[in-house]
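Descriptive structure summary
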Amino acid sequence: MSSINDKQNKAVPIPDEVMRKIFESVSEGIMITDCRKRICHVNPAFEFVTGYTREEVIGTAPTILQSGMHGPHFYREMWEQILIDGVWQGEIWNRRKTGDVYPEWLTISEVRDEAGNVMNYCGIFSDLSERHRVETQLEQTIAMDSLTSVSNRHNYMERMDTLLATSSALSQQVQHAVYVIDIDRFKQFNDTFGHVNGDFILATIANRLKGLIKNKDIIARYGGDEFVITLTSVADAEEARIFGDKVLDAIRQPMNVAGAEVFLNASVGVSLYPYDGTTTEKLLHNADKAMTYIKTTGRGGYEFYFDDLKTDAKRRIVLDAELRKAIEAKDFTLNFQPKVCTQTGAILGVEALVRWTNEKLGFVPPNEFIEHAEETGLIIPLSDVIFEMACEGYNALKRAGHQMPIAVNVSSIHFEQPDFIASLTRILDAHEVSAQNLEIEVTERTVMNDASETVDKLVRLKKLGFKLAIDDFGTGYSSLSYLIKFPLDYLKIDRSFIQQITTLDEKQAVVDAIIQMSHRLNMKVIAEGVEQDKQVELLRSMGCDIIQGYYYSKPLPLDELIEFLSFWDEHTEV
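Residues numbered from 1 in each chain as written. Predicted model: local features only at pLDDT ≥ 70, side-chain atom pairs only at ≥ 80, totals over all residues. Heavy atoms only, no water.

Notes on the sheet that holds strand β8 (residues 226–231)
Taken together, 5 strands build an open sheet; the order of strands is β7-β8-β6-β11-β12 and the sheet is mixed. Among the strands making up the open sheet, the edge pair consists of β7 (218–223) and β12 (301–304). Put simply, the sheet's adjacent strands are angled 20° from each other on average, direction ignored. Alignment of strand β6 (residues 176–183) against strand β11 (residues 266–273), held across 8 bridges, turns out to be antiparallel. When the bridges of β11 are listed, isoleucine 183 appears paired with alanine 266. (Pairing = 2+ DSSP bridges. Helix = DSSP H or I, 4+ residues; strand = E, 2+ residues; numbered from the N terminus. Axes fitted to C-alpha atoms, helices over the stretch in contact; angles between N-to-C directions.)

This is the structure:
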């Protein structure tokens, strides 16, 4: 019985033909050497992976495949393990006949005879090139932002944590600068040009920013239209400031989007390691606070973090509560800035500019509370209050003997409300003010956001008697011909162009072109932000129709405006 079991348990030799078939058909490469480590057998998979034919390698040493990426100690340790354990396996980099280096998973085993002597060594390997390629792609997908090809938020945080850990361990202190970069008005561009062109804008900005940094620096898209950059090993705050200028210059370069030349700007906050924080979270938090601050004090530019910003979060809470109370109580004032005819010197009208001084907050900059109102939806009731005050101001001027139109800025959010015209009409009727006595100023974004609906609304306003102006022209688009479809009366050139027309030829050329094209489109041109005599003379020679700015008068409270107008009438020759 036992003899039968012994026969059943005894291994049956595998026929040589079967072994040959297996040897030739397996996908793993097989290389067999003799005891002196000379190649004596290879299979077809070996030939396919390495590029060497059987005839080329028989009799040679396996060193023919060495890539040069592993030093002598690597091979020494490998053969020591084979000597002790009879087997070694691991990842190794070898070289194909073409010279290409590739990774493989290799297992080397000893083959001994019955006496225990080494007869052969057998190496079996799998090409890991494709696996490595997939892993690399996966790592890039995990680490990189697919749209801009810069690091994503998660990867940035990991790299920053590593950088700070290394920096804290150094005996000599190093400094790093962290920049939080927010693209101003990006949502407006995205809404106007569409998401595909919005993506193009982000990718273009990312490429420009990548061109500013070195390999040791870190750049990432932190979310939406926000980027972060870590400039490593900065010498001092001055170097960080210079880089901030470079960031803004790169973003402000004109960009062609869907056939229109657009001009972008950004708000940038900067924090310095280790002074403003020693962790990634703290540095980002403080840089973000500085960025938010620069937005509230005027779009565009950069700001370093400073201690007073610690109170910013509390201020916003108070701001929201006090603004709601102020709207309810109509606790605002209007200042009025005259608009002067370049040819006659007559004051043709004034622009109403809202001001707010609060018991708790003091004087609140208009861009701070207006931006907060737009973010919270309070801009709609605030705008109604401003229109009511403008009507009251018009009636007061009329009673004082100065009947002239008052221009009011309209938020795009307010303009887009379905009941905007009905609400405006009710306010005018309540104060017995005709539409002919008010001018409505809208931004480029407002008129170009939804062309068909905007044209319809502007036409209705025009029929009611309102004069219409496009404000801050040149800050977002350059296509004047696009404006021909809108029934506009005035075009206001942004102050950023006016301030440099006497010093920069290109700014002068742009302003001259805007004036000439506007006249062809039957629009009068208003230059705002005029402060110098040379600017006045140059604008007059160009044919600019109306000038507004500190050259003639700062924005004045109503009682001071009435005094100014009386003085002007008495002393100005018309």
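There's plenty left to go through after this.
What about the packing of helix α8 (residues 186–193) against helix α9 (residues 195–210)?
At their nearest, the axes of α8 and α9 sit 6 Å apart, and the two run at 135° to each other. In terms of their interaxial angle, α8 and α9 are classed as oblique. Every residue of α9 that contacts α8 at Phe186, Phe189, Asn190 and Phe193 is listed here: His195, Asn197, Gly198, Ile201 and Leu202. A breakdown of the residues in the contact of α8 with α9 according to their chemical character gives 5 nonpolar, 4 polar and no charged. (Parallel < 35°, antiparallel > 145°, perpendicular 65-115°, else oblique. Contact = heavy atoms within 4.5 Å. Nonpolar A, V, L, I, M, F, W, Y, C, P; charged D, E, K, R; others polar.)

As for the pattern of salt bridges
Applying the stated criterion to the full structure yields 21 salt bridges. In this structure, arginine 36 and aspartate 34 form a salt bridge, with 3.7 Å as the shortest nitrogen-oxygen distance. The exposed category is assigned to arginine 36, whose relative accessible area is 65%. Residue aspartate 34 is classed as buried on the basis of its relative accessible area of 18%. Through salt bridges with shared partners, one network takes in Glu351, Glu441, Lys492 and Glu528. (Salt bridge = Lys/Arg side-chain N within 4 Å of Asp/Glu carboxyl O. Buried < 20%, exposed > 50% of the residue type's maximum accessible area, 1.4 Å probe, protein only.)

Remarks on the sheet that holds strand β5 (residues 118–127)
If you walk across this open sheet you meet the 5 strands as β2-β1-β5-β4-β3, and the pairing is antiparallel. At either end of the open sheet lies a strand with only one pairing partner, and these are β2 (39–42) and β3 (87–95). Strand-to-strand twist across the sheet, computed as the mean angle between neighbouring axes with direction ignored, equals 25°. Across 9 bridges, strand β4 (residues 101–112) lies against β5 in antiparallel orientation. Across the sheet, serine 109 pairs through a bridge with cysteine 122, a residue of β5.

As for the packing of helix α7 (residues 153–169) against helix α11 (residues 280–296)
The N-to-C vectors of α7 and α11 enclose an angle of 115°; their axes lie 9 Å apart at closest approach. Our classification of the angle between α7 and α11 gives roughly perpendicular. Here Tyr156, Met157, Met160, Asp161 and Leu164 of α7 lie close against α11, whose contacting residues are Thr280, Glu281, Leu283 and Leu284. Each residue belonging to the contact of α7 with α11 can be placed in one class, and the counts come to 6 nonpolar, 1 polar and 2 charged.

Overview of the layout of surface pockets
What the second largest pocket holds in volume is close to 380 Å³. Met31, Pro62, Thr63, Met78 and Trp79 are the residues nearest the centre of the second largest pocket, which is lined by 21 residues in total. Looking at the lining of the second largest pocket, the elements that each hand over two or more residues are β1 (29–34), α5 (72–85), β3, β4 and β5. Taken together, the residues of the lining of the second largest pocket break down into 12 nonpolar, 5 polar and 4 charged. (1 Å grid on protein atoms, 1.4 Å probe; cavity = no way out; pocket = protein on both sides within 12 Å on 5 of 7 lines; lining within 4 Å. Points joined across faces, edges and corners; volume = space filled by probe spheres on them.)

Focus on the environment of isoleucine 218
Relative to the helices and strands, isoleucine 218 resides in strand β7. In this structure isoleucine 218 comes out as buried when scored by relative accessible area, which is 3%. C-alpha of isoleucine 218 to C-alpha of aspartate 505: the two residues are 287 residues apart in sequence and 37 Å apart in space. When sequence neighbours within four positions are dropped, the list of residues in contact with isoleucine 218 reads Tyr156, Arg159, Met160, Leu163, Val228, Ile229 and Thr230.

Some words on the side chain of lysine 457
By secondary structure assignment, the location of lysine 457 is in helix α18 (residues 451–464). Polar side-chain contacts of lysine 457 include one of 2.7 Å to the backbone oxygen of phenylalanine 415. Lysine 457 has contacts with Phe415, Glu416, Gln417, Phe420 and Ile421, leaving out every residue within four places of it along the chain. (Polar contact = N/O pair within 3.5 Å; in protein donor to acceptor, adjacent residues only side chain to side chain.)

Remarks on the pairing of strand β20 (residues 524–528)
The element β20 is extensively covered by neighbouring structure, given that 4 of its 5 residues are classed as buried. Pairing analysis gives 4 bridges linking strand β19 (residues 490–493) to β20, with the strands arranged parallel. The residue bridging leucine 491 from the neighbouring strand is valine 525, located in β20. Crossover β20 to strand β21 (residues 546–548) through helix α21 (residues 533–542) is right-handed. (Right-handed = clockwise from strand over helix to strand, strands pointing away.)

A word on the nonpolar core
Counting residues in hydrophobic clusters, the biggest one holds 78 residues, and the most contacted among them are Phe332, Ile406 and Leu461. Here this core gets 10 residues from one element, more than from any other, and that element is helix α14 (residues 379–399). Excluding its chain neighbours within four sequence positions, the residues that come into contact with phenylalanine 332 are Leu323, Ala326, Ile327, Val354, Arg355, Trp356, Phe369, Leu382, Val385 and Met389. Ranked by size, the runner-up nonpolar core spans 34 residues in total, among them Ile201, Ile251, Leu264 and Leu272. (Core = buried A, V, L, I, M, F, W, Y, C linked by side-chain atoms within 4.5 Å.)

Quick notes on α21
Of the residues making up α21, those classed as buried are Gln535, Val536, Leu538, Leu539 and Met542. Where the residues of α21 are buried, they touch α19 (495–498), α20 (505–520), β20 and β21. Note on α21: the residue one or two positions beyond its end, glycine 543, has a positive phi of about 95°.

Focus: a nonpolar patch on the surface
Judged by side-chain polarity, Val18, Met19 and Ile22 come together as a nonpolar surface patch covering roughly 240 Å² of accessible area. Residue placement: methionine 19 occurs in helix α2 (residues 16–25). (Patch = residues over 30% accessible without salt bridge, like charges linked within 9 Å, V, L, I, M, F, W, Y side chains within 5 Å. Areas by Shrake-Rupley, 256 points an atom, 1.4 Å probe, with all protein chains shown as cover.)

Structural notes on unusual backbone geometry
Going from tyrosine 273 to proline 274, the amide bond is cis rather than trans, its omega being 5°. For proline 274, the position within the fold is in the loop between β11 and α11. With phi around 50°, serine 233 is a residue other than glycine that occupies positive phi space. Mapped onto the elements of the fold, serine 233 is located in the loop between β8 and α10 (237–252).

From the geometry alone we can't say anything about function, so treat these as descriptive.
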